[in-house]
Amino acid sequence: IIIYNGLHLPELFMGVEDKQRYKDSPLTSDEKHRYLIKLSDYKRREKPYLNPSLTINELGEHLAIVPRYLSQVINESLDRNFYDFVNGYRIEEAKRMLTDAEFRHKTVLEICYEVGFNSKSAFNLAFKNHTGMTPTEYRRKALQAIPA
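## Some details on the overall build of the protein chain
Within the protein chain, the regular secondary structure consists of nine helices and zero strands. Its helices and strands in sequence order give the protein chain the pattern α-α-α-α-α-α-α-α-α, from N to C terminus. Contacts in the protein chain between residues far apart in sequence, at least 24 positions, make up 59% of those at least 6 positions apart. Entry remark: accessible area of the protein chain is about 9800 Å², with carbon and sulfur atoms responsible for 53%.

The following block contains the structure:
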């Protein structure tokens, strides 16, 4: 019965793993809040997401936060995993660059690499998932919206 329900009604089991995942974590809500502020400040100041080889271990080292705790803070507080967190900021930076006159001479591929992606296909997929359009479409629409 459990297997049948799991296959035909997967929503019955959604969220079960996440609730159990950090059940025994020693992090308090105050610590999570402090870590989130520390992460936000560092992200704004240093823009570590522009580093294409950024890992949660490296980020944790820079912040002096155990990577396991950093992952928990991102998952619970921001409701995303580390890679979605990083790629979200990369996409926001790409959107800014695609519409900024200072970067008009740059190709989409150049911007892709500058914001920290390692491949055009990964960039296009993440960008489309985030905005609903490709980077080229986004740039074209943004430029059409600017009065001549």
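Alright, that's what it looks like, and here's the rest.
## Regarding unusual backbone geometry
Although it is not a glycine, Lys47 adopts a positive phi angle of roughly 50 degrees. Examined against the element boundaries, Lys47 turns out to sit in the loop between α3 (29-46) and α4 (56-63). In this structure, Asp79 takes a positive phi of about 55 degrees despite not being glycine. Note on placement: Asp79 falls in the loop between α5 (67-78) and α6 (82-99).

## Details of the packing of aromatic side chains
For the coordinates displayed, the defined rule picks out six aromatic pairs. Here Phe85 and Tyr89 contribute two aromatic rings whose centre-to-centre distance is 5.2 Å and whose plane-to-plane angle is 75 degrees, an arrangement assigned as edge-to-face. With Phe85 and Tyr89 both in helix α6 and four residues apart, the pair spans about one turn of that helix. These aromatic residues form a ring-pair network of at least three members: Phe117, Phe123, Phe127 and Tyr138.

## Describing the side chain of Glu93
With respect to the helices and strands, the residue Glu93 is situated in helix α6. Ignoring anything within four residues of it in the chain, the contact list for Glu93 reads Lys47, Tyr49, Leu50 and Val115.

## Considering helix α8 (residues 120-131)
Helix length check: α8, at twelve residues, gives a terminal C-alpha distance of 16 Å against a target of 16 Å (1.5 Å per residue), a fit within 8%. On the buried face of α8, the contacting elements are α6, α7 (108-114) and α9 (135-145). Directly beyond the C-terminal end of α8, a positive phi value near 85 degrees is found at Gly132.

## A short note on α6
In this model, α6 (18 residues) spans 26 Å end to end at C-alpha, consistent with the 26 Å of a helix rising 1.5 Å per residue. All of the buried residues along α6 are Phe82, Phe85, Val86, Gly88, Arg90, Ile91, Glu93, Ala94, Lys95, Met97 and Leu98. Of the surrounding elements, those touching the buried residues of α6 are α3, α4, α5, α7, α8 and α9. For α6, the capping residue at the N-terminal end is Asn81, with a side-chain oxygen 3.0 Å from the backbone nitrogen of Tyr83.

## Some points on the packing of α4 against α5
In the contact formed by α4 and α5, the axes pass within 8 Å of each other and the chain directions differ by 100 degrees. Judged by the inter-axis angle, α4 sits roughly perpendicular to α5. On α5, the residues touching Ile56, Asn57, Leu59, Gly60 and Leu63 of α4 are Pro67, Leu70 and Ser71.

## Examining the packing of α3 against α5
Following both chains from N to C, one finds α3 and α5 inclined at 95 degrees, their axes separated by 10 Å at the closest point. The orientation of α3 relative to α5 falls into the category roughly perpendicular. Listed contacts from α5 to Lys32, Tyr35, Leu36 and Leu39 of α3 are Tyr69, Leu70, Gln72, Val73, Ile74, Glu76, Ser77 and Leu78. Residues that form the contact of α3 with α5 fall into these classes: eight nonpolar, two polar and two charged.

Rules used throughout
- Residues numbered from 1 in each chain as written.
- Predicted model: local features only at pLDDT ≥ 70, side-chain atom pairs only at ≥ 80, totals over all residues.
- Heavy atoms only, no water.
- Helix = DSSP H or I, 4+ residues; strand = E, 2+ residues; numbered from the N terminus.
- Contact = heavy atoms within 4.5 Å.
- Areas by Shrake-Rupley, 256 points an atom, 1.4 Å probe, with all protein chains shown as cover.
- Phe/Tyr/Trp six-rings, centres within 6.5 Å; stacked < 30°, edge-to-face > 60°.
- Expected span 1.5 Å × (residues − 1).
- Buried < 20%, exposed > 50% of the residue type's maximum accessible area, 1.4 Å probe, protein only.
- Polar contact = N/O pair within 3.5 Å; in protein donor to acceptor, adjacent residues only side chain to side chain.
- Axes fitted to C-alpha atoms, helices over the stretch in contact; angles between N-to-C directions.
- Parallel < 35°, antiparallel > 145°, perpendicular 65-115°, else oblique.
- Nonpolar A, V, L, I, M, F, W, Y, C, P; charged D, E, K, R; others polar.

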